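Survey of secondary and tertiary structure
Okay, here's what each chain looks like letter by letter:
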Amino acid sequence: MTTNTDQLSTSEPANSEQLITELNDVLNGSTAAWERFQDAERIRDCIWLGQERSTEPDRVGRRWEQNLRRKVLPWDGASDAVVYLALEIVLEHADQMQAALLQGVMQAIAHDSDDLASSAVHSSLLRYLVKTQMQPELGDELAHAAVWRESYGAVCFHVTWEEESRLQPSELTAEQVFEGMFQQILQSGRAEDEEAALAMAQQEFEDLRRSLDSADQVTGLAESMRVGLPHLTMGQLRAVIEEFRDTGRATFPEPAIAVSRPRWEALRPLIDVFFPLETTRLQRAPWIARFEYLTEADLRNRIESDKWDKKVVEKIIAEQRGKWYNAEARDRLRASNRYTSGVLESSGVGWQDSWSEQHLFEVIRFYHERVDRKGFPVRYETILHGSDDKLVCAHRVQAEKHGLMPFFDSRHDYRSKLLVESMGVPEMVKTHQAEIKRQHDMTADRSEIATNPTLKVPSHRAGTSYPVGPGAQIPARRGQEPDYLKPPPLDNTTILVTERVEARVNRFYGRLGDHVPPEVAFPRQQVRINHWLSHLTEGVRLTWALAQQYMEPINVAQVVGAENAAALKVTREEIQGRFDFNLEFDVRDADAEHVKNKISAVSDILVPLDVHGQLDRSVVLEVVVRSIFPTLASRILRPPQVAAEQELEDERLALAMIMSGVEAPLKEGQDHAARLQFLQEQIQSNPAVAAMLQQQQGEGSDEKSQLIGQMLQQRLQVHQHQLQQRENAQIGRLGGGMVTG
């Protein structure tokens, strides 16, 4: 149910104690899931206990007893290879997933037939928001999100509208003040006509200038100006007024929006963002929590920028510096992917304990839904300090009008409905990766002992234990010459086992190879990409709703034109669903041969079969261009309407050049039908053009008129010839043309 929160207030008290209790339950109950995530990182990055961390060539990649603190088989220093099977798959999937959004087709689909005409406008604006305005941050967030999703099994996104104001110099002049007075008098009706209003404005302006000589008047005016300029102090406002009094102009800092755009932030579940463990989709979660770590300056800025409670903020600064609500949550946030001897290092977000204890403050931002006293379900945003549920910085109705949680999720595994139970690639291939590692270690050890076999030497002592390994020596019978110990026979068993394991993994994930044909690989890849894009569509829908709410009409007009700026509506009903959105990406477009065959199919099969003109040629052209140049298509292609207008404008310019005696150049790739029609209309409606065409061979015509007529006739013939060539090509395919023309 969607609630119109425009008429709701925040009179409902914050249920902060209940929120903290439920968050504690999640932290205490998610230890097993957190340990799974840590294991996934270790598998993906090939980190294990006792691993040699040295970079010395003779020690790296080997197992040593001093690290493992136990006997190493088959010998000390045996192979301990790193096999990045999980990481390879994760990165392959991540690359494909990023390309799917950045190179795929993105369009808006209208619910109502009345909105069909504006779908193209909405699609253009949407592509601008996602693929232009959100770059390059979106590229980084997508890279993190894709890797985390494939590694942990799920990833979350927080979708917000980012606005940043900066102070810029603004000037106030006497002319501006006088003009403002004049317009105010006119609009108020205090003067009978403009002449009287002008005289009245001059008198009031002189009175204002004289009043500024009084310090009391300056202070009173400064107090009234503070309503419109709250960021300036009384001293600064008095200085502005005095400068205006002395010079007739004044300069002062005024806030201006420097950044206004949507933002997607990738988050790791149960590390960066928390929700009930039984959650299946974030949009259905009763509450979602995020931890924020702020400096004192950040906290004080939130008093003005986000309307946080000043008394609560001051109390947090005085009492909660460097204090954490929950050490478990802090350690998860700070956990990095770097390990030493199997022990997690605490350096994940780039700050150390000593610095954080002195400077950072922890706050928790809750998004949650409650039923108010009138029975309406309302979404709230509550910001508090976890150590004391009474320290509520802000509690308000969620500002976003889309009526949804500002989050969406994407998962890798669908065997369980619960989001936290989705498995990632490392967890699913860990046994395969371990088997390939074992085979690699055995092959490496056998190769080493074959290259540098154990040496048998004469023995002088019996019952002594001797080492076996590359370059080792063991005793032989007295009188026997030194000889090498025969190494075990080499065969291809390890190679065959490795190939078999890799083939199983490749088939499971649709990786092209000798044992995975395209008809198996591409459908599996496409299903994975379709799931990913369906999840991102939720984010696109949230982004569009935020743009409708926050994007300024002038910015919309810069993208889609002033005549289309009204297409971005701002009423709550329109924000909550006039359009659906579609993201598409064909994984086979990465294959150049497939793209070539697709283009051939369009030109050789589809176009000839289109006997009723059902194909939209502009759409077909867009599909072809996006297949060849996915990243340049938006710059290469023009909208059909713009292209048609440009063709006519170009032909109009060519006609003007010809009429002035300058021959216009002829080009390929033009809309000859539209251009020919334009010239014929001009000949019929413009006597001067018709006269020039008739004078191309006239006896009484001057040389210049004849030349203009010849150029005009030549241009008509070129357009007609090109149309005839197109018709001849069709006749060649069909075996004949129309009898009646």
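Because the structure is predicted, anything quoted here is derived from the model rather than measured.

Orientation of helix 24 (residues 672–685) relative to helix 25 (residues 687–694), taken along the N-to-C sense of each, is 100 degrees, at an axis distance of 5 Å. Judged on the interaxial angle alone, helix 25 and helix 24 are roughly perpendicular. Of the residues in helix 25, those touching helix 24 at Gln682, Ile683 and Ser685 are Pro687, Val689, Ala690 and Leu693. Residues belonging to the contact of helix 24 with helix 25 are distributed by class as follows: five nonpolar, two polar and no charged.

Before going further, it helps to examine the pattern of salt bridges. Oppositely charged side chains can pair when the atoms bearing their charge come close. Tallied over the full model, the rule gives 36 salt bridges. Ionic pairing is found between arginine 379 and glutamate 369, a salt bridge with its closest N-O pair at 3.9 Å. Of the two residues, arginine 379 is situated in strand 9 (residues 377–384) and glutamate 369 in strand 8 (residues 361–371); the sequence distance between them amounts to ten residues. Residue classification places glutamate 369 among the partly exposed positions, given a relative accessible area of 40%. Within the structure, one salt-bridge network assembled from shared partners comprises Glu292, Arg302, Arg365, Glu381 and Arg396.

A word on the environment of methionine 106. Looking at the element boundaries, methionine 106 is found in strand 1 (residues 105–110). Note: C-alpha distance between methionine 106 and glutamate 584 (478 residues apart in sequence) is 6.7 Å. The contacts of methionine 106, once residues within four sequence positions are left out, are Leu101, Ser123, Leu126, Arg127, Val130, Lys131, Asn582 and Leu583.

Turning to the confidence of the model for the protein chain, a few remarks are in order. Taken residue by residue, the protein chain gives an average pLDDT of 80. The fraction at 70 or more is 77%. Across the protein chain, element-level confidence peaks in strand 11 (residues 407–411) with a mean pLDDT of 96 and bottoms out in strand 7 (residues 343–344) with 32. Scored below 50 in pLDDT, residues 1–9 shows 19 contacts in the model against residues more than four places distant or in partner chains. Within the model, pLDDT remains below 50 along residues 336–352, and this stretch shows 38 contacts once partners closer than five positions in the same chain are excluded.

Each packed pair of helices is defined by two parameters, the angle between the axes and the distance between the axes. For the pair helix 11 (residues 296–305) and helix 12 (residues 310–319), the least separation of the axes is 9 Å and the interaxial angle reads 170 degrees. With respect to helix 12, the axis of helix 11 lies roughly antiparallel. Residues Glu296, Leu299, Arg300 and Ile303 of helix 11 pack against Lys310, Val313, Glu314, Ile316 and Ile317 of helix 12. Taken together, the residues of the contact of helix 11 with helix 12 sort by class into five nonpolar, no polar and four charged.

A word on the side chain of glutamine 51. Inspection of the secondary structure assignment puts glutamine 51 in the loop between helix 2 (31–45) and helix 3 (65–68). For glutamine 51, a relative accessible area of 10% puts it in the buried group.

Further remarks concern the sheet that holds strand 2 (residues 154–173). Strand order in the open sheet made by the three strands is 3-2-11, with antiparallel pairing throughout. Across the chains shown, the open sheet's two edge strands, defined by having one partner strand only, are strand 3 (249–267) and strand 11. Across the sheet, the mean angle separating the axes of adjacent strands is 25 degrees when strand polarity is ignored. When strand 2 meets strand 3, the two strands line up antiparallel, connected through 18 bridges. Within the sheet, the bridge partner assigned to serine 165 lies in strand 3 and is isoleucine 257. On top of the sheet, helix 17 (residues 518–550) reaches strand 2, strand 3 and strand 11; it is set at about 25 degrees to strand 2, its chief contact.

As a further point, take the packing of aromatic side chains. Under the defined criterion, the tally for this structure stands at ten aromatic pairs. Ring geometry for tryptophan 161 against tyrosine 550: centres 6.1 Å apart, planes inclined by 25 degrees, an arrangement best described as stacked. Separated by 389 residues along the polypeptide, tryptophan 161 in strand 2 and tyrosine 550 in helix 17 bring together distant segments of the chain. Since its relative accessible area comes to 25%, tyrosine 550 is described here as partly exposed. Here the aromatic rings of phenylalanine 274 and phenylalanine 291 are separated by 5.5 Å at their centres, their planes lie at 75 degrees, and the arrangement is edge-to-face. Taken together, the residues phenylalanine 274 in strand 4 (residues 273–274) and phenylalanine 291 in strand 5 (residues 287–294) connect sequence positions 17 residues apart. By the burial criterion, phenylalanine 274 is buried, and phenylalanine 291 matches it. Chaining the aromatic ring pairs together yields one cluster made of Phe157, Trp264 and Phe408.

What follows is about the nonpolar core. With 76 residues, the main nonpolar core has Leu23, Phe157, Trp264, Ile364, Phe366, Trp532 and Leu536 as its most contacted residues. If you tally residues by element for this core, the top one is helix 17, at ten residues. Tryptophan 264 has contacts with Leu101, Met134, Leu138, Glu141, Phe157, His158, Val159, Phe408, Leu536, Gly539, Val540 and Thr543, leaving out every residue within four places of it along the chain. In terms of nonpolar packing, the next biggest core, distinct from the first, is built from 21 residues, Ile185, Leu229, Met234 and Phe252 among them.

This paragraph deals with helix 1 (residues 16–29). For helix 1, with 14 residues, the first-to-last C-alpha span of 20 Å sits near the 20 Å given by 1.5 Å per residue. Those residues of helix 1 not exposed but buried are Ser16, Leu19, Ile20, Leu23, Val26 and Leu27. In an axial view of helix 1, the angular spread of the buried residues amounts to 120 degrees, which keeps them on one side of the axis. Of the exposed residues in helix 1, the ones pointing more than 90 degrees away from its buried face are Glu17, Asp25 and Asn28.

Before going further, it helps to examine helix 25. For helix 25, every residue scored as buried is listed here: Val689, Ala690, Met692 and Leu693. Angular distribution of buried residues about the axis of helix 25 spans 160 degrees; they occupy a single face of the element. Structural note: helix 25 exposes Pro687 and Gln694 on the side pointing more than 90 degrees away from its buried face. The backbone nitrogen of alanine 688 has a side-chain oxygen 3.1 Å away, supplied by the residue at the start of helix 25, namely asparagine 686.

On to the pairing of strand 8, then. Strand 8 sits mainly inside the fold: nine of its eleven residues count as buried. With eight bridges connecting them, strand 8 and strand 9 associate as antiparallel partners. Across the sheet, phenylalanine 366 pairs through a bridge with threonine 382, a residue of strand 9.

Within the secondary structure, valine 147 is located in helix 6 (residues 137–152). The sequence separation of valine 147 and valine 90 amounts to 57 residues, and the corresponding C-alpha distance is 6.2 Å. Excluding its chain neighbours within four sequence positions, the residues that come into contact with valine 147 are Arg44, Val90, Leu91 and Ala94.

What follows concerns the sheet that holds strand 10 (residues 392–397). The sheet built from five strands is open, its strands ordered 4-5-8-9-10 with antiparallel pairing. Across the chains shown, the open sheet's two edge strands, defined by having one partner strand only, are strand 4 and strand 10.

Among the surface-exposed residues, Glu192, Asp193, Glu194 and Glu195 lie close enough to one another that they form a single negatively charged patch. Relative to the helices and strands, glutamate 192 resides in the loop between helix 7 (174–188) and helix 8 (194–211). Assessed through its relative accessible area of 83%, glutamate 192 is described here as exposed.

For the rest of this paragraph, the subject is unusual backbone geometry. In this model, leucine 73 is joined to proline 74 through a cis peptide bond whose omega is 0 degrees. When you line up the elements, proline 74 lands in the loop between helix 3 and helix 4 (85–103). Of note, arginine 69 is a non-glycine position whose phi angle comes to about 60 degrees, a positive value. Looking at the secondary structure, you find arginine 69 in the loop between helix 3 and helix 4.

By the element assignment, arginine 63 lies in the loop between helix 2 and helix 3. Within polar-contact distance, the side chain of arginine 63 engages the side chain of aspartate 441 at 3.5 Å. In this view, arginine 63 contacts Leu68, Val72, Leu73, Pro74, Asp76, Gly77, Ala78, Ser79, Asp80 and Asp441; residues no more than four positions away in its chain are not counted.

Calculation notes
- Residues numbered from 1 in each chain as written.
- Predicted model: local features only at pLDDT ≥ 70, side-chain atom pairs only at ≥ 80, totals over all residues.
- Heavy atoms only, no water.
- Axes fitted to C-alpha atoms, helices over the stretch in contact; angles between N-to-C directions.
- Helix = DSSP H or I, 4+ residues; strand = E, 2+ residues; numbered from the N terminus.
- Parallel < 35°, antiparallel > 145°, perpendicular 65-115°, else oblique.
- Contact = heavy atoms within 4.5 Å.
- Nonpolar A, V, L, I, M, F, W, Y, C, P; charged D, E, K, R; others polar.
- Salt bridge = Lys/Arg side-chain N within 4 Å of Asp/Glu carboxyl O.
- Buried < 20%, exposed > 50% of the residue type's maximum accessible area, 1.4 Å probe, protein only.
- pLDDT = per-residue confidence, 0-100.
- Pairing = 2+ DSSP bridges.
- Phe/Tyr/Trp six-rings, centres within 6.5 Å; stacked < 30°, edge-to-face > 60°.
- Core = buried A, V, L, I, M, F, W, Y, C linked by side-chain atoms within 4.5 Å.
- Expected span 1.5 Å × (residues − 1).
- Arc of directions from axis to C-beta.
- Polar contact = N/O pair within 3.5 Å; in protein donor to acceptor, adjacent residues only side chain to side chain.
- Patch = residues over 30% accessible without salt bridge, like charges linked within 9 Å, V, L, I, M, F, W, Y side chains within 5 Å.
- Areas by Shrake-Rupley, 256 points an atom, 1.4 Å probe, with all protein chains shown as cover.
- Lys, Arg positive; Asp, Glu negative; His and termini not counted.
- Charge placed at Lys NZ, Arg CZ, Asp CG, Glu CD.

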